[in-house]
Amino acid sequence: MDRNWWKESVVYQIYPRSFCDSNGDGIGDLRGIAGKLDYLKELGINVIWLSPVYKSPNDDNGYDISDYQDIMDEFGTLQDFDDLLKSAHEHGIKIVMDLVVNHTSDEHPWFVESRSSKDNDKRDFYIWREGRNGNPPNNWGSCFSGPAWEYDEKTDMYYLHCFSKKQPDLNWDNPKVRDEVFRMMRWWCDRGIDGFRMDVISMISKVPGLPDGKVPDNSKYGGLENTTNGPHVHEYLQEMNKKVLSKYDLMTVGECAGVTIEEAKKYASLDGKELNMVFQFEHVGLDYDENGKWTTKRFDLRELKNNLSKWQYELEGKAWNSLFWDNHDQPRIVSRLGDNSPLSAKSIATVLHFMKGTPYVYQGEELGMTNCSFGRIENCRDIEEINAYKDLVGSGKMSPEDMMAGIEAKGRDNARTPMQWDSTDNAGFTTGKPWIMVNPNYKEINAEDELKNEDSVFNYYKKLISLRRNSKWSELIVYGDYKLLDEESSHVFSYIRELNGRRLLVLCNMTDRDINYKCDSKYLSSKELLISNYKDAALTEDMNLKPWFSAVWEI
Ligand code: NOJ
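Residues numbered from 1 in each chain as written. Predicted model: local features only at pLDDT ≥ 70, side-chain atom pairs only at ≥ 80, totals over all residues. Heavy atoms only, no water.

Remarks on helix α11 (residues 383-394)
Given a rise of 1.5 Å per residue, 12 residues ought to cover 16 Å, and the 16 Å separating the end C-alpha atoms of α11 matches this to within 8%. Regarding α11, the residues found buried are Ile383, Glu384, Glu385, Ala388, Tyr389, Leu392 and Val393. Looking at the packing, one finds that the buried side of α11 touches α12 (400-410) and α13 (413-416). N-cap assignment for α11: the residue whose side-chain oxygen lies 3.1 Å from the backbone N of Glu384 is Asp382. Looking one or two residues beyond α11, the residue adopting positive phi is Gly396, at roughly 80°. (Helix = DSSP H or I, 4+ residues; strand = E, 2+ residues; numbered from the N terminus. Expected span 1.5 Å × (residues − 1). Buried < 20%, exposed > 50% of the residue type's maximum accessible area, 1.4 Å probe, protein only. Contact = heavy atoms within 4.5 Å. Polar contact = N/O pair within 3.5 Å; in protein donor to acceptor, adjacent residues only side chain to side chain.)

A closer look at the sheet that holds strand β8 (residues 157-160)
Read across the open sheet, the three strands follow the order β6-β8-β7; overall the sheet is antiparallel. Each of the sheet's edge strands pairs with one partner strand only, and the pair in question is β6 (128-129) and β7 (149-152). Pairing of β6 with β8 involves two bridges; the strand directions are antiparallel. The residue of β8 that forms the bridge with Trp128 is Tyr159. (Pairing = 2+ DSSP bridges.)

Topic: helix α8 (residues 301-315)
Along its 15 residues, α8 runs 21 Å from first to last C-alpha, staying within 8% of the 21 Å computed at 1.5 Å per residue. Among the residues of α8, those classed as buried are Leu301, Leu304, Lys305, Asn307, Leu308, Ser309, Trp311, Gln312 and Leu315. Of the residues trailing α8, Gly317 is marked for its positive phi of about 75°.

A short note on the nonpolar core
Ranked by size, the top nonpolar core spans 154 residues in total, and within it Met185, Phe196 and Phe354 carry the most contacts. The contacts of Met185, once residues within four sequence positions are left out, are Leu99, Phe196, Met198, Met240, Val244 and Leu245. (Core = buried A, V, L, I, M, F, W, Y, C linked by side-chain atoms within 4.5 Å.)

A look at the packing of α11 against α12
Two elements in contact, α11 and α12, have axes separated by 10 Å at closest approach and are oriented at 155°. Taken together, the axes of α11 and α12 lie roughly antiparallel to each other. Classified by chirality, the crossing of α12 by α11 is right-handed. Residue-level contacts link Glu385, Ala388, Tyr389, Leu392 and Val393 of α11 to Pro400, Met403, Met404 and Ile407 of α12. Considering only residue class, the contact of α11 with α12 consists of eight nonpolar, no polar and one charged. (Axes fitted to C-alpha atoms, helices over the stretch in contact; angles between N-to-C directions. Parallel < 35°, antiparallel > 145°, perpendicular 65-115°, else oblique. Left-handed = near helix turned anticlockwise from the far one by under 90°. Nonpolar A, V, L, I, M, F, W, Y, C, P; charged D, E, K, R; others polar.)

Quick look at the sheet that holds strand β20 (residues 550-554)
In space, the five strands of this open sheet follow the order β14-β15-β16-β20-β18, with antiparallel pairing throughout. Whereas interior strands pair on both sides, the edge strands pair on one side only; in this sheet they are β14 (481-485) and β18 (528-532). Taken over all neighbouring pairs, the strand axes of this sheet differ in orientation by 20° on average, direction set aside. Where β18 meets β20, four bridges bridge the pair, whose relative direction is antiparallel. In the strand pairing of β20, Ser532 is matched with Ala551. Against the sheet, α8 contacts β14 and β15 (492-499), and its axis sits at roughly 160° relative to β14. Helix α15 (residues 457-469) contacts β18 and β20 of the sheet and is inclined by roughly 135° relative to β18.

Here is the structure:
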């Protein structure tokens, strides 16, 4: 059993724009975060993942960076950052930065130079190609609708942008690009940060020749499979590890859309040559339909359980899992898998927090914050939603009503409504006008009330986190083996964790109905209840599991 602090941690993701505004401009900022460290300490997390805070024109809310070594004006200054880092460390909380280096902003000086002429020094920092008979160089589509290529008149060539046209892809095959990125990473590490979450890091190596992608039904464009898990990605990460990561004591997690189990074993291998762990997205794609994400389709519990369990089994002893339901790109899990009720939030949290891996909590998840009814596209702020609406509604492929329903079920803005601190105006997020609408349910769901209420979702999360981090079961929760039970049940999510002869039974009703449950007699020797969202949960042979019942026993 190889112990590491990052395996024993619970991470809290902050999307700074929506967390807490200290100066009344309607946009969250670093001082706002610093003012909430006591809250985070109370929750019990020990690592913050900070979504990007660097200088950015905000075409994609900071995921388009124009200066990696400075702070976005709206968020504050480098001094504010240093103060936040120092204060976080004093609170016993580490800070992991978002590293967005598959692409920069088109306003980054490297790109400004690169586009200025064909023989500029920085030309080869990005991916430029000639057109193909007056069309883009290949058929790739951008993740944010439209082609992945933008024509640039000045030099009569196209540049690649897998995301918005203001996010040109860096050319990682150029060693000078890698050196610049590694230099910048060391600069942050020397400032004292504790790790990196690496944005779409599985996309940094493109297949040579940039061959066309497969065109899915219903699409004009080819997919981006030739940008994902490319031929040199592991080589580049090993180089990064040698030159930067291995020199510090860091937590690293790679965002790896499209990663297979085989690939994940390389990215997050326990031999420590690349990263500590990856975010994989298979489970959060299971409620998409044949046309993609803009659908109200719900999860099938069996599929979900089997998928999560597959990752538990397959990485065992080889690589490390990250565990998450929510992040800034996902709708709220309590709406998506639950029924918006606190009971469902607790049951959903239980199944995740007892699995093997490092859990991530996304701001507001610990309150049971829900999806938001935006009503009209004018209320949405996310470039992905806005572009998709224009594309799909504009072309008549979807009606405005269906598209809005899809956005309200799956859109990224659901995660980005302001953090609900209290029941005062704007949920206590800002004294100004918030950059995005506040979810109107803040009077019922907010941190101030939940801190006071023993039965709140917040206090349940607090308990889950403390069980994992500081209890007599910590070692078992972090390092124990996992075994799924009741595989065929479409109502119950249950499993065993086991370490050195000690066992936990996790049993959750994932429906809003009473469910009859027959417990296997070999698990009936309940010793101690660790947590439950109902009072007096007893483990018996024939049980009636109340709606969204959850409990964990040592057996
Ligand atoms: C993944 C990030 O999580 C998402 O928010 C962003 O839009 C894209 N990468 C592009 O950076």
